[in-house]
Amino acid sequence: MTSVIDKLGDVLADLQRQENLATLHHAQQASHEQNNGIWQKLFVGQPRPTPPSPSASDLTRLLADFEHLLGRLRHQQGQLHRLQQFNGQKLQQVAQALQQSPFTPARARALLAELARLDGGAHQGLLWQLLDCYQESLRLCLEQEQRSRAHQHELCSRLQQLIDELHFSGDVGAELAKIQSQLLQQRDGLALPPLCLRLIELTIEGCRQERQNSTLFLARLNTNLGEMHHNFAISLSEGQALFDARTHHGHHIAGELRAIGEHLVSQDNEQLKEEIELRLRSITHVLVQHERLQEREQSLLNRMNAMELQIQELKQETEDFKQRLSVQSEKLFIDSLTQIYNRAAMEERLEVEYRRWLRYQEPLCIALLDIDYFKDINDRYGHLAGDKALRLIARTIQKSLRDSDFVARFGGEEFVLLLPNVNPDKLNTPLEKLREQIRNIPFRFKDERVTITASIGATLFRTGDSTTSALERADQALYRAKHAGRNQTVMA
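Definitions and limits used
Residues numbered from 1 in each chain as written. Predicted model: local features only at pLDDT ≥ 70, side-chain atom pairs only at ≥ 80, totals over all residues. Heavy atoms only, no water. Helix = DSSP H or I, 4+ residues; strand = E, 2+ residues; numbered from the N terminus. Buried < 20%, exposed > 50% of the residue type's maximum accessible area, 1.4 Å probe, protein only. Contact = heavy atoms within 4.5 Å. Areas by Shrake-Rupley, 256 points an atom, 1.4 Å probe, with all protein chains shown as cover. Core = buried A, V, L, I, M, F, W, Y, C linked by side-chain atoms within 4.5 Å. Pairing = 2+ DSSP bridges. Polar contact = N/O pair within 3.5 Å; in protein donor to acceptor, adjacent residues only side chain to side chain. Phe/Tyr/Trp six-rings, centres within 6.5 Å; stacked < 30°, edge-to-face > 60°. Lys NZ or Arg CZ within 6 Å of the ring centre and 35° of its normal. Axes fitted to C-alpha atoms, helices over the stretch in contact; angles between N-to-C directions. Left-handed = near helix turned anticlockwise from the far one by under 90°. Nonpolar A, V, L, I, M, F, W, Y, C, P; charged D, E, K, R; others polar. Patch = residues over 30% accessible without salt bridge, like charges linked within 9 Å, V, L, I, M, F, W, Y side chains within 5 Å. Salt bridge = Lys/Arg side-chain N within 4 Å of Asp/Glu carboxyl O. Lys, Arg positive; Asp, Glu negative; His and termini not counted. Charge placed at Lys NZ, Arg CZ, Asp CG, Glu CD. Parallel < 35°, antiparallel > 145°, perpendicular 65-115°, else oblique.

K.L.:
Just checking my understanding: could you explain the overall build of the chain for this structure?
P.N.:
Secondary structure summary: the chain contains twelve helices and seven strands in total. For the chain, the proportion of its 492 residues judged to be buried stands at 30%. A fraction of 69% describes how many contacts in the chain between residues 6 or more apart in sequence connect residues 24 or more apart. Accessible surface, the chain as shown: approximately 32700 Å² in total, 53% of it carbon and sulfur.

K.L.:
Even after reading the chapter, I still don't get the nonpolar core, so can you show me in this structure?
P.N.:
Nonpolar side chains in soluble globular proteins tend to end up buried together. Counting residues in each nonpolar core, the largest one holds 34 residues, and the members touching the most others are L369, I397, F415 and I438. Going through the elements one at a time, β1 (364-371), α9 (374-381), α10 (383-400), β3 (414-420), α11 (428-439) and β6 (454-460) are the ones with two or more residues in this core. A total of seven residues in this core trace back to one element, the largest contributor, which is α10. Beyond its immediate sequence surroundings of up to four residues, I397 is in contact with L369, V407, F415, L417, L434 and I438. A345, F406, V416 and A474 belong to the second largest nonpolar core, which has 19 residues in total.

K.L.:
What is the right way to read the pairing of strand β2 (residues 406-411) from this model?
P.N.:
Consecutive residues of a regular strand have side chains that alternate between opposite faces of the sheet. Among the six residues that make up β2, five are buried, leaving the element largely enclosed by the rest of the structure. Judged from the five bridges that link them, β2 and β3 form a sheet pairing that is antiparallel. Within β3, the residue paired with V407 across the bridge is L417. Between the end of β2 and the start of β3, which pair antiparallel, lie two residues, with G412 showing a positive phi angle near 65°.

K.L.:
Would you take a moment to explain the side chain of R435 for this structure?
P.N.:
For R435, the location among the structural elements is in helix α11. Side chain to side chain, R435 and N487 meet in a polar contact 2.8 Å long.

K.L.:
For this particular structure, what's the right way to read the packing of aromatic side chains?
P.N.:
Per the stated rule, a full pass over the model turns up four aromatic pairs. Their ring planes at 45° and their centres at 5.9 Å tell us that Y354 and F461 sit as a pair that is tilted. With Y354 in helix α8 (residues 343-360) and F461 in the loop between β6 and α12 (467-483), this residue pair connects regions lying 107 residues apart in the sequence. The same class applies to Y354 and to F461, which are both buried. Three or more aromatic residues link up through ring pairs in this structure, and these residues are Y354, W357 and F461. Lying over the aromatic face of Y373, R486 brings its terminal NZ or CZ to 4.4 Å of the ring centre.

K.L.:
Got a minute to help me understand the packing of α10 against α11 in this structure?
P.N.:
If you want to describe how two helices pack, look at the angle between their axes and the distance between the axes. Between α10 and α11, the least distance of the axes is 10 Å, while the angle of their chain directions is 145°. Regarding α10 and α11, the two cross each other, and that crossing is right-handed. Between α10 and α11, the contacting residues are I393, T396, I397 and S400 on the first element and L434, Q437 and I438 on the second. For the contact of α10 with α11, the class distribution of residues is four nonpolar, three polar and no charged.

K.L.:
Quick question: what am I supposed to make of the side chain of D335 here?
P.N.:
Here D335 lies in the loop between α7 (270-332) and α8. With a relative accessible area of 13%, D335 lands in the buried category. In terms of polar contacts, D335 uses its side chain to reach the side chain of T338, at 2.7 Å. Discounting chain neighbours no more than four positions away, the residues touching D335 are I340, Y341, N342 and R409.

K.L.:
Got a minute to help me understand a positive patch on the surface in this structure?
P.N.:
A surface patch of positive charge is lined by K388, R391, R395 and K399. By secondary structure assignment, the location of R391 is in helix α10.

K.L.:
Just checking my understanding: could you explain the pattern of salt bridges for this structure?
P.N.:
Note that side chains of opposite charge can pair when their charged atoms are close. In this structure the tally under the stated criterion is 15 salt bridges. Between E353 and R356 there is a salt bridge, and its shortest N-O distance comes to 3.2 Å. With E353 and R356 both in helix α8 and three residues apart, this pair spans about one turn of that helix. What makes E353 buried here is its relative accessible area of 4%. According to the relative accessible area criterion, R356 is partly exposed, its value standing at 40%. Each of E432, R435, E436 and R439 takes part in salt bridges that share partners, so that together they form one network.

K.L.:
Can you help me understand the packing of α9 against α10 in this one?
P.N.:
At a minimum axis distance of 6 Å, the contact between α9 and α10 shows a crossing angle of 135°. In this view, α9 runs oblique relative to α10, as classed from their interaxial angle. On α10, the residues that touch F374, I377, N378 and Y381 of α9 are H383, A385, G386, A389 and L390. By residue class, the composition of the contact of α9 with α10 is six nonpolar, three polar and no charged.

This is the structure we're talking about:
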């Protein structure tokens, strides 16, 4: 189209030159005709008529119209060029977006490179290729969606099987049944990760309850075994004493019988001797039977001794298992990074301290401690430095508190403190001391001194409080400490 417009421009220029020549020619012709008319009137008579020719004004108007139309054509050509450039840019953007998709066909990269080299209307021939790429990308996306749905269905089935293998009772079992029902009706893949996380939490909670129940069972079993061992030891001792007494009496009877026999040997009354010998043989037979019974009783005592050893071993095994369960249960409540109690332990301890406060009404303080600008430490020095700082802070808090106090990592860089039986009038003193100790921690990273500060929000339990209301009030106090400039303690 550009070449056509250029040719029309050349034509316009020729017409303008011809217009100038025609104007000059008309002027000359008019002068010539005027002179010829005078001579003809003098010598020939009336002039002959000449054919009409376009006037200069008509030609000028025609050129103006032609020039106006040519200008409009050039304007349209410019708009078309800009539209083509815009379409080309949009096409490149679409191709780039396609390239960033995880379902991009292999040939899309070469197509994008070719689009980048072209401009103007040359990209029109690549439009259908780009549409083919989009169609192939859509096909790949649908295939991936089908595989994802199949994988999701398989995962749901596997999770249901795992839930079937979990035999938890109570609230945990009821919620597991609810999750299993949701898995049967699963349609949205985005809802599956939260269900998996909740399933893990419920499994941990169920295992924790099972450990607690096992600990209680082992405690009862250990108590019962201890009582049984005590009673068995008494019975064994009495049996051994009885056996010894019977043995002693048996030996005494045998000795007496021997003495009687020796005495009878020295007597002369044959009839009496025969009768006594008959009685002695009968008594001897009874003694033999008594000895056999003693042997059986001794065997029974030996077995009872063996059983006592087995009971002692079983009691020791239950005690060891109880200790292992206690250690494992303790690990469930320990934060792996700071090696202090975690949030689950805090919730359990808070409930215990709350019930004690309800019963005895002794002052109980709950405090939230948050490290100031901890994100800046991670961003500037790295997460290893942040982890090191958290460990040092946890150790500092532990050393600062009393044995009866409790500290746990609440999450991230936030800690919870429980201070039972505190002086309400001097509550600010230990918290301020703790805050100063944290500020003076000699923390260095790559030979650079790093100052760490903390904000503390604390409150005492009040009449009508629940654990949640007191914790929320402490959190509001911490919020005020943060917005008041940080590195301070606020009581609520």
